[in-house]
Amino acid sequence: MGKTMGKDWEETKQELAKTALKSMGNAYVPYSHFHVGAALLTEDGTVYTGVNIENSSYPAAICAERTAIFKAVSEGHRKFQAIAVCGGLNGKAGDYCTPCGMCRQVMREFCESGDFKILLVKEDGPVKEYTIGELLPLSFGPESLEG
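Attention in this report is confined to the structure presented alongside it. Predicted model only: the values in this text are computed from it and were never measured. In this numbering scheme, every chain counts its residues from 1 along its sequence in written order. Residue-level local features of this predicted model are given only where pLDDT is at least 70; pairs of side-chain atoms are given and counted only at 80 or more, and the full residue set underlies all totals for whole chains, interfaces and linings. Only heavy atoms go into the side-chain values, all of them from the structure, while hydrogens and water stay out.

Some words on the packing of aromatic side chains
Put simply, the rule is: Think of it this way: a Phe, Tyr or Trp ring, Trp meaning its six-membered ring, pairs with another when their centres are within 6.5 Å, and the plane angle makes it stacked under 30 degrees, edge-to-face over 60, tilted otherwise. Strands here mean DSSP runs of E at least two residues long; helices mean DSSP runs of H or I at least four residues long; both are numbered from the N terminus. Three labels apply to residues, based on accessible area from a 1.4 Å probe with only protein chains included: buried if under 20% of the type maximum, exposed if over 50%, partly exposed otherwise in between.
Under the counting rule described, the total for this entry stands at two aromatic pairs. Taken together, a centroid distance of 6.0 Å and an interplanar angle of 65 degrees make the contact between Y31 and Y58 edge-to-face. Residue Y31 is located in the loop between α1 (9-23) and β2 (34-42), and its partner Y58 is located in the loop between β3 (46-51) and α2 (64-74); the two are separated by 27 residues in the primary sequence. The exposure class of Y31 is partly exposed, given its relative accessible area of 38%. With centroids separated by 5.5 Å and ring planes inclined at 65 degrees, the aromatic side chains of F80 and F110 adopt a geometry described as edge-to-face. Taken as a pair, F80 in strand β4 (residues 80-89) and F110 in the loop between α3 (101-109) and β5 (117-120) lie far apart in primary sequence, 30 residues in all. F80 sits in the buried class, given a relative accessible area of 10%. Here F110 falls in the buried class, since its relative accessible area comes to 17%.

Next up, the structure:
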């Protein structure tokens, strides 16, 4: 299980960013050398980290964002507040790294409202904040399957 974050959003945002940057060191990336780290904040304040994990059979790899989400879901969480994401070659987050389309769709699965935040993080620079609606407009979600 992850750790719990405080209540102040600015403080929480900075802590998520630091946690994502720190987690990059655990990435398993022997092929691309592109490390990605993520820190996911659940509705109850618990944080789960994730990293990208490559495989010599490339399609068997998984992104950091989905790793964090799947860890949280496997522990019973279904509602999330935010995720911080960072990445870069050789473990240096020199620029912003946005989630891929598959990760955006997985995030959308667990966002009942448009206020889920995606925080883009780099080593030197401000944290950029987006909603899932901004990064995945006109999305398909669970409600699309309701009659």
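As for unusual backbone geometry
Phi angles above zero are rare outside glycine, and H33 is one such case at about 60 degrees. Residue placement: H33 occurs in the loop between α1 and β2. Residues other than glycine seldom take positive phi values, yet L138 does so here, at roughly 55 degrees. In this fold, L138 is placed in the segment after α4 (132-135).

Focus: a nonpolar patch on the surface
We count it as follows: Residues with no salt bridge and a relative accessible area higher than 30% make up the patches, which join like charges within 9 Å and nonpolar side chains (Val, Leu, Ile, Met, Phe, Trp, Tyr) within 5 Å. Residue burial considers only the protein chains on display, and all accessible areas are found by Shrake-Rupley using a 1.4 Å probe. A pairing counts as a salt bridge when a side-chain nitrogen of Lys or Arg comes within 4 Å of a carboxyl oxygen of Asp or Glu.
On the surface, Y28, Y31, I53 and Y58 cluster together into a nonpolar patch covering about 440 Å² of accessible area. You can see Y28 is positioned in the loop between α1 and β2. Judged by its relative accessible area of 46%, Y28 falls in the partly exposed class.

Some details on the packing of α2 against α3
Stated formally: Axes, fitted as lines to C-alpha atoms, cover a helix only where it is in contact. Angles between the N-to-C directions of the axes lie from 0 to 180 degrees. By definition in this entry, angles of less than 35 degrees are roughly parallel, angles greater than 145 are roughly antiparallel, angles of 65 to 115 are roughly perpendicular, and the rest are oblique. Note on convention: the crossing is left-handed when the near helix lies turned anticlockwise from the far helix by less than a right angle, right-handed when the turn is clockwise. Throughout, a residue-residue contact means that at least one pair of heavy atoms, one from each residue, lies within 4.5 Å. Each residue receives one of three labels: charged for Asp, Glu, Lys and Arg, nonpolar for Ala, Val, Leu, Ile, Met, Phe, Trp, Tyr, Cys and Pro, and polar for the others, Gly being one of them.
Direction vectors running N to C along α2 and α3 enclose 25 degrees, while the axes themselves pass 9 Å from each other. With respect to α3, the axis of α2 lies roughly parallel. Considering the relative orientation of α2 and α3, their crossing is left-handed. Of the residues in α3, those touching α2 at E65, R66, I69 and F70 are M102, C103, V106 and M107. In the contact of α2 with α3, the residues fall into six nonpolar, no polar and two charged.

A word on the nonpolar core
Convention followed: What is meant by a nonpolar core is a set of buried Ala, Val, Leu, Ile, Met, Phe, Trp, Tyr and Cys residues, joined one to another through side-chain atoms within 4.5 Å.
In terms of nonpolar packing, the biggest core is built from 24 residues, with L40, I83, M107, F116 and I118 touching the most fellow members. Breaking this core down by element, the ones donating at least two residues are β2, α2, β4, α3, β5 and α4. Per-element tally for this core: the top contributor is α2, with four residues. Setting aside its immediate chain neighbours within four residues, L40 contacts T46, V47, Y48, A68, I69, A72, F80, A82, I83 and F116. A20, A82, C86 and V127 belong to the second largest nonpolar core, which has 14 residues in total.

What to know about the environment of R78
Applied cut-off: Any pair of N or O atoms that falls within 3.5 Å is considered a polar contact. Within protein, one atom must be able to donate a hydrogen and the other to accept it, and sequence-neighbouring residues count only if both atoms are side-chain atoms.
Looking at the element boundaries, R78 is found in the loop between α2 and β4. Separated by 26 residues in the primary sequence, R78 and R104 place their C-alpha atoms 16 Å from one another. In this structure the side chain of R78 is engaged in a polar contact, spanning 2.8 Å, whose partner is the backbone oxygen of V73.

Honestly, that's just the spatial picture; any functional story needs more than this.
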